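Each chain is listed here by its residues.
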There are 2 protein chains.
Amino acid sequence: MLRRLPADVRRGTTVRRAATIADVAAYAGVSKATVSRFLSGRSDVLSETTWKQIQDAIAALDYRPSQIARSLKGGRTRLIGIVVADVTNPYSVAVLRGAEDECQRAGYMLALCNSGGSHAKEQELLAGLRAYRIEGLILNSAGIAADQVSDALPDGLPIVLLDRKLPPGRFDFVGLNNIAAATEATRHLVGHGFGDIALIAEPITGVSVRTERALGFRQAIAENEGCTGTVIEVDLHQPDAMQQAVARFLATPSSRRKAVIAASGLVTLRTVQAIQSLGLHMPDDVGLVGFDELEWSALVPPGITTIAQPTYDIGVAAVRNLLARLAGHRDEPHSTIFTGTLIERGSSASEAGLRPMAVPAPAQPAAGLV
Amino acid sequence: MLRRLPADVRRGTTVRRAATIADVAAYAGVSKATVSRFLSGRSDVLSETTWKQIQDAIAALDYRPSQIARSLKGGRTRLIGIVVADVTNPYSVAVLRGAEDECQRAGYMLALCNSGGSHAKEQELLAGLRAYRIEGLILNSAGIAADQVSDALPDGLPIVLLDRKLPPGRFDFVGLNNIAAATEATRHLVGHGFGDIALIAEPITGVSVRTERALGFRQAIAENEGCTGTVIEVDLHQPDAMQQAVARFLATPSSRRKAVIAASGLVTLRTVQAIQSLGLHMPDDVGLVGFDELEWSALVPPGITTIAQPTYDIGVAAVRNLLARLAGHRDEPHSTIFTGTLIERGSSASEAGLRPMAVPAPAQPAAGLV
DNA sequence: TTGTACGCGTTATCAA
DNA sequence: TTGATAACGCGTACAA
């Protein structure tokens, strides 16, 4: 009754070919169709005997169904693509975790690609994902045009934009309420005595996140009579651009306390570097609120005030959106908007408030000290 | 001559089915085989006329070959799996970039999975990747046993272990020379006047990276007569464990300067938190060298001395290793070992050296200041 | 230079 | 309850 697995000899070593459904059928003495029924869990239509035979056969041959063959037959690859502009951005990774969990829950696999901010690479990646017949796409675009996205992908493929919108608004979207977040950051600074504020962002050039954050910032400035606001665009690829920008902003005479809103995690990093290089101190020489909560936000004295995003939930929402489309939802493009949370630390403290490098009260005064 | 694409009507909207090679053949008035030849770029065997006809047909129908069908036929999915224990670890992401680039160069796609440190999830992921018939696997294991890995995957599947070795040494490996790196870190501290050093790591429990770093540490301590060394294991899931461990270490009386070597990026983060919470200052109260260069290493005063890994190259090497196996290499398990680089900053300074929060000489004294 | 026909591993539709 | 057979989209012998 035991039949050996088909084996072919290459390079002197015997390499067993992976067992197929036909092998299992032969081993169990049943037809492929029956095995297929077993795989679909149709225990109601199978006799207990054959059920067990097949079970044994599968175990004996170490058989695993080929998702490739399944995909070809059924057209359902159970693959979801996600293209991010920058994997090294903690935001992307954090979102990924949520997306991944939700995918696994639904039996999908996530194929992650990194465009590195390049349009050309993004195009290639979309073509690649298309070749693998992904069923849906999460796109954190490098700034490609909506038409190019449509052209690169088959009609009707569910797409959800992540964090960055694309102009014509034809796609689903998941991301932050940037206007509200920027407004909150600005009001927070104003409320803590800062009156001359700069929002520093990478070149805005139509990137929706940046546009919106700048807009919310301007609105909040406008509603406060005594305040001045500037939007500064900095090309982070140029080595000293940030330091010069910060220096110039701080050098302009003003009677009010100055502060910076950093429009992204990367900008926050570079802003802090610049501030330190210039030998300045937060919040006295300059206040700071940064978008995105980072693991080191609390570590750099006097602690950096940040706007945290619910990244995990954003990832989950993106996948849910896709799953809904796959389940047949044919509504108009839908946006899922989350709210940011301001986490207050020393970098935006009032003059009377926390001082930089103040000795923090230990959580457990001396509990650990012998 | 124009034949329309097959279309089926669902939910009131006409959704074009993706064009197949047969559609292209029909449109161009040739056989499928001829189109297939076109796709393989065999311009030498095709007449110029048919070449153009096919080109037109493909453009007109917006045809894209199905990688799924190709995979089924040829058994080559051009898919490489990578399972990491923690996507949020900057190390993993940095390695990913190298791996991804090298994959793209070789025409492979990378399927990233995150086990989150869970054995069970790791097993599931391996099963999933197997179902998709990946051609190779990069495994940053959550600590699963080598046998389980072998069992979960088909015989002969090229596997390269990343960062963490698995006991029996049956697999290829790419990672750091941890012993040398730990030795260098220790010697560096000793050379800067520290004589009572603790290596702090997460519970070692057989994780090769931790074992090796502890080993290198002990060796270096042993070669320096006047020095004391302790290995402290801290469970980072317990909220105050780190702070207590640091406090206890610093409380033990000693005539020599004390320092900590943090055995990973995460441990570095937590150690710095603990030091700050205790109101202590580096390097006077305690010195620090941390494994893994992090974006904020230079930002936390007085700057944290780190051991940087060539992460990008490690990623590239992992994929190259796989590609070599796929090309037929049948040698013994091979290890590719990289060397860490110590980046010196204030946290490990000699007593006479840098002081914390010393005003740094600005790179460009006042160039940017109007 | 081109076409015919088969097989890759599944699932689904029939019949039995 | 089970089996034979036809797809799914592509590559590739082999034949023309």
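The rules behind each value
- Residues numbered from 1 in each chain as written.
- Chains lettered and ligands numbered in written order.
- Predicted model: local features only at pLDDT ≥ 70, side-chain atom pairs only at ≥ 80, totals over all residues.
- Heavy atoms only, no water.
- UniProt positions renumbered as here; feature names shortened; annotations may be inferred.
- Helix = DSSP H or I, 4+ residues; strand = E, 2+ residues; numbered from the N terminus.
- Near = heavy atom within 4 Å.
- Polar contact = N/O pair within 3.5 Å; in protein donor to acceptor, adjacent residues only side chain to side chain.
- Nonpolar A, V, L, I, M, F, W, Y, C, P; charged D, E, K, R; others polar.
- Domains from an automatic or database assignment.
- Axes fitted to C-alpha atoms, helices over the stretch in contact; angles between N-to-C directions.
- Parallel < 35°, antiparallel > 145°, perpendicular 65-115°, else oblique.
- Left-handed = near helix turned anticlockwise from the far one by under 90°.
- Contact = heavy atoms within 4.5 Å.
- Least-squares fit on C-alpha atoms with pLDDT ≥ 70 in both.
- Pairing = 2+ DSSP bridges.
- Buried area = accessible area lost by both parts, 1.4 Å probe.
- Salt bridge = Lys/Arg side-chain N within 4 Å of Asp/Glu carboxyl O.
- Phe/Tyr/Trp six-rings, centres within 6.5 Å; stacked < 30°, edge-to-face > 60°.
- Buried < 20%, exposed > 50% of the residue type's maximum accessible area, 1.4 Å probe, protein only.
- Expected span 1.5 Å × (residues − 1).

**Q** Explain the UniProt feature "domain: HTH lacI-type" (unreviewed entry) in chain A to me, and be specific about the residues and the numbers.
**A** Per the UniProt record, "domain: HTH lacI-type" (unreviewed entry) is found at residues 19-74 of chain A. Structurally, residues 19-74 of chain A is divided into 68% helix and 0% strand, and its ends, taken at the C-alpha atoms, are 21 Å apart.

**Q** Got a sec to walk through the protein's contact with DNA strand C? Specific residues and values, please.
**A** In the region of DNA strand C, 26 residues are neighbours, and I21, R70 and K73 of chain A together with T34 and R37 of chain B sit closest. For DNA strand C, the fraction of protein-proximal atoms (within 4 Å) that sit in sugar or phosphate groups is 58%. Here I21 of chain A contributes a backbone N or O atom positioned 2.6 Å from a phosphate oxygen of DNA strand C. Residue K32 of chain A places a side-chain N or O atom 3.2 Å away from a base oxygen belonging to DNA strand C. When residues of the surface near DNA strand C are traced back to their parent elements, those giving at least two are helix 2 (32-39) and helix 4 (67-74) of chain A together with helix 2 (32-39) and helix 4 (67-74) of chain B. The element that contributes the greatest number of residues to the surface near DNA strand C is helix 2 of chain A, accounting for 4 residues. Taken together, the residues of the surface near DNA strand C sort by class into 11 nonpolar, 7 polar and 8 charged.

**Q** Can you lay out the protein's contact with DNA strand D for me, pointing to particular residues and giving the numbers?
**A** Of all residues adjacent to DNA strand D, which total 26 residues, the nearest are T34 and R37 of chain A together with I21, Y63 and R70 of chain B. Taking the atoms of DNA strand D that fall within 4 Å of the protein, sugar and phosphate contribute 60% of them. In this structure, a base nitrogen belonging to DNA strand D sits 2.6 Å away from a side-chain N or O atom of R37 of chain A. The contact in question runs from a phosphate oxygen of DNA strand D to an N or O atom on the side chain of R70 of chain B, over 2.5 Å. At 4 residues, helix 2 of chain B tops the list of elements feeding residues into the surface near DNA strand D. Residue composition of the surface near DNA strand D, grouped by class: 11 nonpolar, 7 polar and 8 charged.

**Q** Hey, could you go over the domain arrangement of chain A for me, with residue numbers and the actual values?
**A** According to the domain assignment, chain A contains domain 1 (1-65), domain 2 (76-175) and domain 3 (178-310 + 340-369). Computed from C-alpha coordinates alone, the two centres of domain 1 of chain A and domain 2 of chain A are separated by 37 Å.

**Q** How would you sum up the packing of helix 10 (residues 241-251) of chain B against helix 11 (residues 265-277) of chain B? Please name residues and give values.
**A** All names here are of chain B. Packing of helix 10 against helix 11 leaves a shortest axis separation of 9 Å and a crossing angle of 65°. Between helix 10 and helix 11, the angle falls in the class roughly perpendicular. Remark: the crossing between helix 10 and helix 11 carries right-handed chirality. Each of M242, Q243 and V246 in helix 10 lies in contact with helix 11, whose residues at this interface are V267, R270, T271, A274, I275 and S277. Of the residues in the contact of helix 10 with helix 11, the class split is 5 nonpolar, 3 polar and 1 charged.

**Q** Give a description of the relation of the copies chain B and chain A that names residues and reports values.
**A** Relating the two copies of this chain is a rotation about some axis coupled with a shift parallel to it. Mapping chain B onto chain A calls for a screw motion: a turn of 180° about the axis and a shift of 0.1 Å along it, with 0.1 Å RMSD after fitting. A rotation of that kind, with that shift, is consistent with a two-fold axis. The share of interface residues of chain B whose copies in chain A are also at the interface is 100%, consistent with both copies meeting through the same surface.

**Q** Requested: an account of the sheet that holds strand 8 (residues 194-201) of chain B, with residues and values cited.
**A** All names here are of chain B. Taken together, 6 strands build an open sheet; the order of strands is 9-8-10-11-12-14 and the sheet is mixed. Whereas interior strands pair on both sides, the edge strands pair on one side only; in this sheet they are strand 9 (228-233) and strand 14 (341-343). Within this sheet the neighbouring strands show an average axis-to-axis angle of 20°, counted without direction. Where strand 8 and strand 9 come together, 6 bridges link them in parallel fashion. Across the sheet, the residue bridging to I200 is I232, located in strand 9. Together, strand 8, strand 10 (257-262) and strand 11 (287-291) form the strand contacts of helix 11, whose direction differs from that of strand 11 by roughly 150°.

**Q** Now, about the interface of chain B and chain A: what can you tell me, with residues and values included?
**A** On the side of chain A, 67 residues touch chain B, which itself brings 67 residues to the contact. If you sort the residues of chain B by the area they bury against chain A, I68, Y132 and L299 of chain B come out on top, with a joint share of 12%. Remark: the boundary between chain B and chain A carries 4 salt bridges. Between D62 of chain B and R130 of chain A there is a salt bridge whose closest N-O contact spans 3.3 Å.

**Q** Please set out the packing of aromatic side chains residue by residue, giving values where relevant.
**A** Residue and element names in this part refer to chain A. Taken as a whole and judged by the stated rule, the model has 2 aromatic pairs over all chains. Pairing F38 with W51 gives two aromatic rings, centres 4.4 Å apart and planes at 45°, and the pair type is tilted. With F38 in helix 2 and W51 in helix 3 (residues 48-61), this residue pair connects regions lying 13 residues apart in the sequence. According to the relative accessible area criterion, F38 is buried, its value standing at 13%.

**Q** Could you give an account of helix 6 (residues 119-131) of chain A, with specific residues and numbers?
**A** Residue and element names in this part refer to chain A. For helix 6, built from 13 residues, the straight-helix expectation of 18 Å at 1.5 Å per residue is met to within 8% by its first-to-last C-alpha distance of 19 Å. Among all positions in helix 6, only K121, E122, L125, L126, L129, R130 and A131 are buried. At the N-terminal end of helix 6, a side-chain oxygen is found 3.3 Å from the backbone nitrogen of A120, two or three residues along, and the residue is S118. Two residues or fewer past helix 6, R133 is found with a positive phi of approximately 55°.

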